[in-house]
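# What the coordinates show
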Amino acid sequence: MATVPTYRFHHISLSVADLPAQEGWYRAAFGLVRVEERLELPDAGVRTAVLSDSAGLRVEFVERSGSTPVSHSDPFAATATQTFTHLALQVPDLDAAFARLVDECGAVRVSPPSPGVTDGMRYAYVQDPEGNLIELIEVSAA
């Protein structure tokens, strides 16, 4: 049997309606301050930007003219369509991260901090300004 190569997460790509607005929000909310790449394809009506932080979190934003929004009211509604449903980010302090995103960054509150299924795990959900679901996960040291 062949050896399975090592895979690492590289980035997530979000289709967005307003590239500059989403770049600004993710920059302020998550510290994605480094621009790794920009691409414009005028014939296709596409503009992209890849932003990252110093720890390796990387998000690609793709703005395409004429795209249609998809927004889910909660994580369970998102599973009605077979596609990626949310971005999950581990945070050291769930309550502080949730409060900051909602109160300071204008994220929409979806579900408040709650205990997870796994011992020592807690989670919460918010939406970015265009309705994309973001799960925040806190894992306490055992």
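Data block above holds the structure.
Keep in mind that what you see is a predicted model, and the values were worked out from it rather than measured.

## So, the sheet that holds strand S8 (residues 133-139)
Strand order in the open sheet made by the four strands is S5-S8-S7-S6, with mixed pairing throughout. Edge positions in the sheet fall to strand S5 (87-90) and strand S6 (108-115), since each has one partner strand and no second. Averaged over all neighbouring strand pairs, the angle between strand axes comes to 15°, with direction disregarded. Taken together, the four bridges between S5 and S8 define a ladder with parallel strand orientation. Along S8, the bridge assignment pairs Leu-89 with Leu-136.

## Remarks on the pattern of salt bridges
Enumeration over the complete set of coordinates arrives at seven salt bridges. A salt bridge links Glu-23 to Arg-27, with the nearest nitrogen and oxygen atoms 3.7 Å apart. Of this pair, Glu-23 and Arg-27 both sit in helix H1 (residues 19-30), separated by four residues, roughly a single helical turn. Exposure remark for Glu-23: the relative accessible area of 5% places this residue in the buried category. Taking the relative accessible area as the measure of exposure, Arg-27 reaches 30% and is therefore partly exposed.

## Some details on the packing of aromatic side chains
Scanning all chains against the criterion turns up five aromatic pairs. Between Trp-25 and Phe-30 the ring centres are 5.8 Å apart and the planes differ by 80°, which places this aromatic pair in the edge-to-face class. This pair shows no difference in class: Trp-25 is buried, exactly as Phe-30 is. Taking the centre distance of 6.1 Å and the plane angle of 75° together, the rings of Tyr-123 and Tyr-125 count as edge-to-face. In this structure Tyr-123 comes out as partly exposed when scored by relative accessible area, which is 24%.

## A word on the environment of Leu-136
Structurally, Leu-136 is set in strand S8. Look at Leu-136 and you get buried, because its relative accessible area is 0%. C-alpha separation for the pair Leu-136 and Ala-99, spaced 37 residues apart in sequence, amounts to 11 Å. Setting aside its immediate chain neighbours within four residues, Leu-136 contacts Leu-89, Val-91, Leu-94, Ala-97, Phe-98, Leu-101, Arg-122, Tyr-123 and Ala-124.

## Examining the nonpolar core
One recurring pattern in soluble globular proteins: nonpolar side chains tend to sit buried together. With 27 residues, the main nonpolar core has Trp-25, Tyr-26, Phe-30, Phe-61, Leu-101, Ile-134 and Leu-136 as its most contacted residues. Taken together, the elements giving at least two residues each to this core come down to strand S1 (12-16), H1, strand S3 (46-52), strand S4 (58-64), S5, helix H3 (94-104), strand S7 (121-127) and S8. When residues no more than four places from it in sequence are discounted, the contact partners of Tyr-26 are Leu-14, Gly-31, Leu-32, Phe-61, Leu-87, Asp-128, Asn-132 and Ile-134.

## Brief notes about the side chain of Glu-135
Tracing the sequence through the fold places Glu-135 in strand S8. Here Glu-135 is buried and forms no salt bridge, its nearest opposite-charge partner Arg-122 lying at an N-O distance of 12 Å. At a separation of 3.4 Å, a polar atom in the side chain of Glu-135 contacts the side chain of Tyr-125. Setting aside residues no more than four positions away along its own chain, Glu-135 makes contact with His-86, Leu-87, Ala-88, Leu-89, Tyr-123, Ala-124 and Tyr-125.

## Describing the sheet that holds S4
Strand order in the open sheet made by the four strands is S1-S4-S3-S2, with mixed pairing throughout. The open sheet is flanked by S1 and strand S2 (34-41), the only strands paired with a single partner. Adjacent strand axes in the sheet meet at a mean angle of 15° when their direction is disregarded. Sheet topology places S3 next to S4; seven bridges connect them, and they run antiparallel. The residue of S4 that forms the bridge with Ala-49 is Phe-61. Set on the sheet, H1 makes contact with S1, S2, S3 and S4; between it and S3 the angle comes to about 5°.

Rules and cut-offs
Residues numbered from 1 in each chain as written. Predicted model: local features only at pLDDT ≥ 70, side-chain atom pairs only at ≥ 80, totals over all residues. Heavy atoms only, no water. Pairing = 2+ DSSP bridges. Helix = DSSP H or I, 4+ residues; strand = E, 2+ residues; numbered from the N terminus. Axes fitted to C-alpha atoms, helices over the stretch in contact; angles between N-to-C directions. Salt bridge = Lys/Arg side-chain N within 4 Å of Asp/Glu carboxyl O. Buried < 20%, exposed > 50% of the residue type's maximum accessible area, 1.4 Å probe, protein only. Phe/Tyr/Trp six-rings, centres within 6.5 Å; stacked < 30°, edge-to-face > 60°. Contact = heavy atoms within 4.5 Å. Core = buried A, V, L, I, M, F, W, Y, C linked by side-chain atoms within 4.5 Å. Lys, Arg positive; Asp, Glu negative; His and termini not counted. Polar contact = N/O pair within 3.5 Å; in protein donor to acceptor, adjacent residues only side chain to side chain.

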